[in-house]
Amino acid sequence: EAGVTQFPSHSVIEKGQTVTLRCDPISGHDNLYWYRRVMGKEIKFLLHFVKESKQDESGMPNNRFLAERTGGTYSTLKVQPAELEDSGVYFCASSYKKGTEAFFGQGTRLTVV
Amino acid sequence: LAKTTQPISMDSYEGQEVNITCSHNNIATNDYITWYQQFPSQGPRFIIQGYKTKVTNEVASLFIPADRKSSTLSLPRVSLSDTAVYYCLVGGIPIYNQGGKLIFGQGTELSVKP
């Protein structure tokens, strides 16, 4: 069974540009989570989808970040415009049901220069 | 949520047993203790969870004293491939905190040397 897949694995963009990260969860997993770790800090929760609905977006840092999950399958996280402090590793995770084990992708390393 | 405290880093040698202790003085009655492992360039991976006493699986053992204010993850006979960051998480729902999202601390960076 394929695991959680994230694209791209690395992205280097200039400040002010737009970047879109993609996450393909495990097939059949209704719950999808985004997390990120910025340099020197802890892994932080960003938001949680249940199917196509945002269940909890309390961790989204500001309105430059937009997450979508159209059709309840894959999800995208867009950063527009990107700032230097957005650099870090963005993780996606999915689970079958809330409260059950979630599986993480390998992450997308974003570097804003 | 209960705050956790772990050593920032630990060194070990192949074949040794490694014990990583996590303090969680404010743990609540219905909180579970969960440990995650993260290899370089990968996402975190669940390894073990417990509520009290001892839990053992094919990867590790988890020791929880009666007062539950701390827990110890034990890795038997580590190998180079056990080099990773280990996170201790505490929360009220089995496996996950707050009904879904995980609250990570800084973790312990374990380095296993030959």
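It should be noted that the structure appears before, not after, this text.
Residues numbered from 1 in each chain as written. Chains lettered and ligands numbered in written order. Predicted model: local features only at pLDDT ≥ 70, side-chain atom pairs only at ≥ 80, totals over all residues. Heavy atoms only, no water.

Undergrad: What is the right way to look at the nonpolar core in this model?
TA: One broad rule of soluble globular proteins: the nonpolar side chains tend to lie buried together. Among the nonpolar cores identified, the biggest contains 21 residues, and Trp34(A), Leu46(A), Leu47(A), Met60(A), Leu77(A) and Tyr90(A) are the most heavily contacted of them. Elements supplying a minimum of two residues to this core: strand 3 (19-24), strand 4 (31-38), strand 5 (44-50), strand 7 (65-68), strand 8 (75-79), strand 9 (88-95) and strand 11 (108-112) of chain A. Look past the residues within four positions of Leu77(A) in its chain and what remains in contact with it is Val19(A), Thr20(A), Leu21(A), Trp34(A), Leu46(A), Met60(A), Phe65(A), Leu66(A), Ala67(A) and Tyr90(A). Of all hydrophobic cores here, the second largest spans 20 residues; its members include Ile20(B), Val78(B), Ala84(B) and Val90(B). (Core = buried A, V, L, I, M, F, W, Y, C linked by side-chain atoms within 4.5 Å. Buried < 20%, exposed > 50% of the residue type's maximum accessible area, 1.4 Å probe, protein only. Helix = DSSP H or I, 4+ residues; strand = E, 2+ residues; numbered from the N terminus. Contact = heavy atoms within 4.5 Å.)

Undergrad: Can you walk me through the packing of aromatic side chains in this structure?
TA: Each aromatic ring pair is specified by the distance between its two centres and by the angle formed by the two planes. Applying the stated criterion across every chain, the model contains eleven aromatic pairs over all chains. Geometrically, the ring pair formed by Phe104(A) and Phe104(B) is edge-to-face, given 6.3 Å between the ring centres and 75° between the ring planes. On the criterion of chain membership, the pair formed by Phe104(A) in strand 10 (residues 103-104) and Phe104(B) in the loop between strand 8 (84-91) and strand 9 (108-113) is interchain, its members lying in two chains. Ring pairs connect the aromatic residues Tyr33(A), Tyr35(A), Phe45(A), Phe104(A), Tyr36(B), Phe46(B), Tyr87(B) and Phe104(B), which therefore count as one cluster. Residue placement shows Arg22(A) over the ring face of Tyr74(A); its charged tip is 3.8 Å from the ring centre. Stacked on the ring of Tyr51(B), the Lys or Arg Arg68(B) has its end atom at 4.0 Å from the ring centre. (Phe/Tyr/Trp six-rings, centres within 6.5 Å; stacked < 30°, edge-to-face > 60°. Lys NZ or Arg CZ within 6 Å of the ring centre and 35° of its normal.)

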